[in-house]
Amino acid sequence: MRYHNITKEDMLNGDGIRVVLWVSGCSHRCKNCQNPITWDKNDGLLFDKKAEDELFEALNKPFIDGITFSGGDPLMPDNRDEVMRLVKKCRCEFPDKTIWLYTGYSFDEIKNIDGIELIDVIADGEFVEELKDNNIKWVGSSNQKVIDVKETFKKGEIVLHS
């Protein structure tokens, strides 16, 4: 897997102060995407042991509320195994920190991925320029949903994060 950046103190991509891993690779290629530089799966830096250590060191700070996986698309086939390994490691090492993930896939398309239930919040769906709405918190267009994953699995229907 490749990545573009690790943001160590972010307040725009989920609740609280977060670490964000910006992965490379996205085939959705949404019109007027906010981050087209991350589309090419071969661009950016190799996510190696050094990058992983940097990520977990940033997460270990007591004022950090959690991690957000974004990009690109963390759940693109080339990213999926590595991102889910990191989700599992985050949940194990930092059980009290929240995990957010942004993806262009719908929740129905990803709900059976092994470990997906370990994520707290998933912002799903492609950005649609014609449905752009600056008044919606955490996403850019009205077709996208910000899903409370644990409640969704518990109730068997999509529950939005409040």
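Coordinates for the structure precede this section.
Residues numbered from 1 in each chain as written. Predicted model: local features only at pLDDT ≥ 70, side-chain atom pairs only at ≥ 80, totals over all residues. Heavy atoms only, no water.

**Student:** Would you take a moment to explain the overall build of the chain for this structure?
**Tutor:** Secondary structure summary: the chain contains 4 helices and 7 strands in total. Scanning the chain from its N terminus toward the C terminus, one meets helices and strands in the order β-β-β-α-β-α-β-α-β-β-α. On C-alpha atoms alone, the chain measures out to a radius of gyration of 15 Å, which is about the 15 Å that the 2.2 N^0.38 rule sets for 162 residues. Dimensions of the chain, computed from C-alpha atoms along their principal axes, come out at roughly 40 × 35 × 30 Å. Here the chain, with 162 residues, has 47% of them falling under the buried criterion. Sequence-distant contacts, at least 24 apart, represent 58% of the contacts inside the chain between residues at least 6 apart. Of the roughly 8500 Å² of accessible surface on the chain, a fraction of 49% belongs to carbon and sulfur atoms. Seen as two clouds, the 22 positive and the 30 negative side-chain charges of the chain have centres 2 Å apart. (Helix = DSSP H or I, 4+ residues; strand = E, 2+ residues; numbered from the N terminus. Rg over C-alpha atoms; globule rule 2.2 N^0.38 Å. Buried < 20%, exposed > 50% of the residue type's maximum accessible area, 1.4 Å probe, protein only. Contact = heavy atoms within 4.5 Å. Areas by Shrake-Rupley, 256 points an atom, 1.4 Å probe, with all protein chains shown as cover. Lys, Arg positive; Asp, Glu negative; His and termini not counted. Charge placed at Lys NZ, Arg CZ, Asp CG, Glu CD.)

**Student:** Looking at this structure, how should I read the sheet that holds strand E5 (residues 98-102)?
**Tutor:** Hydrogen bonds between backbone atoms are what pair the strands of a sheet, whose relative direction is either parallel or antiparallel. Strand order in the open sheet formed by 7 strands is E3-E1-E2-E4-E5-E6-E7, and the pairing between neighbours is mixed. Strands with a single pairing partner mark the edges of an open sheet, and in this sheet they are strand E3 (45-46) and strand E7 (145-148). As judged from the 2 bridges shared by strand E1 (residues 2-10) and E3, these two strands associate in the antiparallel manner. Within E3, the position partnered with Arg2 by the bridge is Leu46. The strands touched by helix H1 (residues 49-59) within the sheet are E1, strand E2 (18-23), E3 and strand E4 (66-71), with E1 carrying the most contacts at an inclination of about 15 degrees. Together, E2, E4 and E5 form the strand contacts of helix H2 (residues 77-93), whose direction differs from that of E4 by roughly 170 degrees. (Pairing = 2+ DSSP bridges. Axes fitted to C-alpha atoms, helices over the stretch in contact; angles between N-to-C directions.)

**Student:** Would you explain the side chain of Gln144 in this entry?
**Tutor:** Mapped onto the fold, Gln144 is located in the loop between strand E6 (121-124) and E7. When its relative accessible area of 15% is taken as the criterion, Gln144 is described as buried. A distance of 3.0 Å separates a polar side-chain atom of Gln144 from the backbone nitrogen of Ser141. Discounting chain neighbours no more than four positions away, the residues touching Gln144 are Asp124, Gly125, Glu126, Phe127 and Val139. (Polar contact = N/O pair within 3.5 Å; in protein donor to acceptor, adjacent residues only side chain to side chain.)

**Student:** Help me understand the packing of H1 against H2, please; the structure alone is not making it clear to me.
**Tutor:** Axes are the key here: two packed helices are described by the angle between their axes and the distance separating the axes. For the pair H1 and H2, interaxial distance at closest approach is 12 Å and the crossing angle is 35 degrees. Every pair of crossing elements has a handedness; the one defined by H1 and H2 is right-handed. For the pair formed by H1 and H2, the contact residues are Glu52, Phe56 and Leu59 on the first element and Glu82, Arg85, Leu86, Lys89, Cys90 and Glu93 on the second. Here the contact of H1 with H2 is composed, by residue class, of 4 nonpolar, no polar and 5 charged. (Left-handed = near helix turned anticlockwise from the far one by under 90°. Nonpolar A, V, L, I, M, F, W, Y, C, P; charged D, E, K, R; others polar.)

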